[in-house]
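Chains, contacts and geometry: an overview
Take a look at the letters that make up each chain.
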Amino acid sequence: MNYWLVKSEPSVYSWQQFVKDGQTGWDGVRNYAARNNLRAMKKGDLVLWYHSNEGMEIVGIAKVVKEAYQDPTTPEDAWVAVDLKPFRKLKTPVPLTTLKADKRFADMDLVRLGRLSVQAVKPTEWEWIMDMAG
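The text that follows walks through the structure, step by step, so that each part is easy to find. In this text, all values refer to a predicted model and were calculated from it rather than measured experimentally. (Residues numbered from 1 in each chain as written. Predicted model: local features only at pLDDT ≥ 70, side-chain atom pairs only at ≥ 80, totals over all residues. Heavy atoms only, no water.)

1. Looking at the overall build of the chain
Heads up, the rule is: Numbering of helices and strands starts at the N terminus; helices are DSSP runs of H or I of at least 4 residues and strands are runs of E of at least 2. The reference for a compact globule is 2.2 Å times residues^0.38; the radius of gyration itself is calculated from the C-alpha atoms. Buried means the residue's accessible area, taken with a 1.4 Å probe over protein chains only, is under 20% of the maximum for its type, while exposed means over 50%, and partly exposed covers the values in between. Note on contacts: a residue pair qualifies if any of its non-hydrogen atoms lie within 4.5 Å across the two residues.
Within the chain one finds six helices and six strands. Traced from its N-terminal end to its C-terminal end, the chain shows the element sequence β-α-α-β-α-β-β-β-α-α-β-α. Relative to the globule expectation of 14 Å for 134 residues, the C-alpha radius of gyration of the chain, 14 Å, shows essentially globular dimensions. C-alpha extents for the chain along the principal axes are approximately 40 × 30 × 30 Å. In the chain, which comprises 134 residues, the share counted as buried stands at 43%. Pairs at least 24 residues apart make up 68% of the contacts formed inside the chain by residues separated by at least 6 positions.

Following this line, the structure appears as structure tokens:
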């Protein structure tokens, strides 16, 4: 299993709305590195849900339920989407400030590459975040 992180602004699409919807297509990505991460996602992989700009914290876990397919928001073949389903809300959200203050996360994409909207998460980073989240 691989681990990932996706970013969403709560005012645009919050964790609460995602849970209410029950599933969503993760589309509209127009960054090549983020696109490559979407292409690498496999059914069953777990995905951290990060509220960006407002809150700036990891709030939940989603699961990949459909692997990469043509992004329906564009006719360009270069772009893909995946389908995600809510898996679990974190007991305790994990703020970006906490991750930045912890040297174990110095190499984490979320800390290093602030603008990348779809990121890989290393297994050790995942375990540490799960510990922090209770």
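Still to come is the rest of the account.
2. Some remarks on the side chain of Ser 52
Inspection of the secondary structure puts Ser 52 in the loop between strand E3 (46-51) and strand E4 (57-70). The residues contacting Ser 52, other than those within four sequence positions of it, are Lys 7, Ser 8, Glu 9 and Pro 10.

3. What to know about the sheet that holds strand E5 (residues 80-95)
Our working rule: Think of it this way: DSSP has to see at least two bridges between two strands before they count as a pair. Between N-to-C directions, angles cover 0 to 180 degrees, with each direction set by a line fitted to C-alpha atoms, over the stretch in contact for helices.
Reading across from one edge, E2-E5-E4-E3-E1-E6 is the order of the six strands in this open sheet, with mixed pairing throughout. The sheet is open, and its two borders are formed by strand E2 (24-26) and strand E6 (118-121), each paired with just one other strand. Looking at each pair of strands side by side, their axes are set apart by 40° on average, direction ignored. By the bridge criterion, six bridges tie strand E1 (residues 3-8) to E3 in an arrangement that is parallel. Bridging across to E3, Tyr 3 finds its partner in Leu 46. Sitting on the sheet, helix H3 (residues 32-40) touches E1, E2, E4, E5 and E6, and the angle it makes with E6 is about 55°. Each of E1, E3, E4, E5 and E6 is contacted by helix H6 (residues 123-133), which is oriented at about 45° to E5, the strand it contacts most.

4. Let's talk about the pattern of salt bridges
Defined as follows: The rule for a salt bridge is simple: a side-chain nitrogen of Lys or Arg has to be within 4 Å of a carboxyl oxygen of Asp or Glu.
By the definition in use, this model includes four salt bridges. The partner of Glu 125 in a salt bridge is Lys 122, and the shortest N-O contact between them spans 3.5 Å. Classification of Lys 122 by relative accessible area gives partly exposed; the value is 42%.

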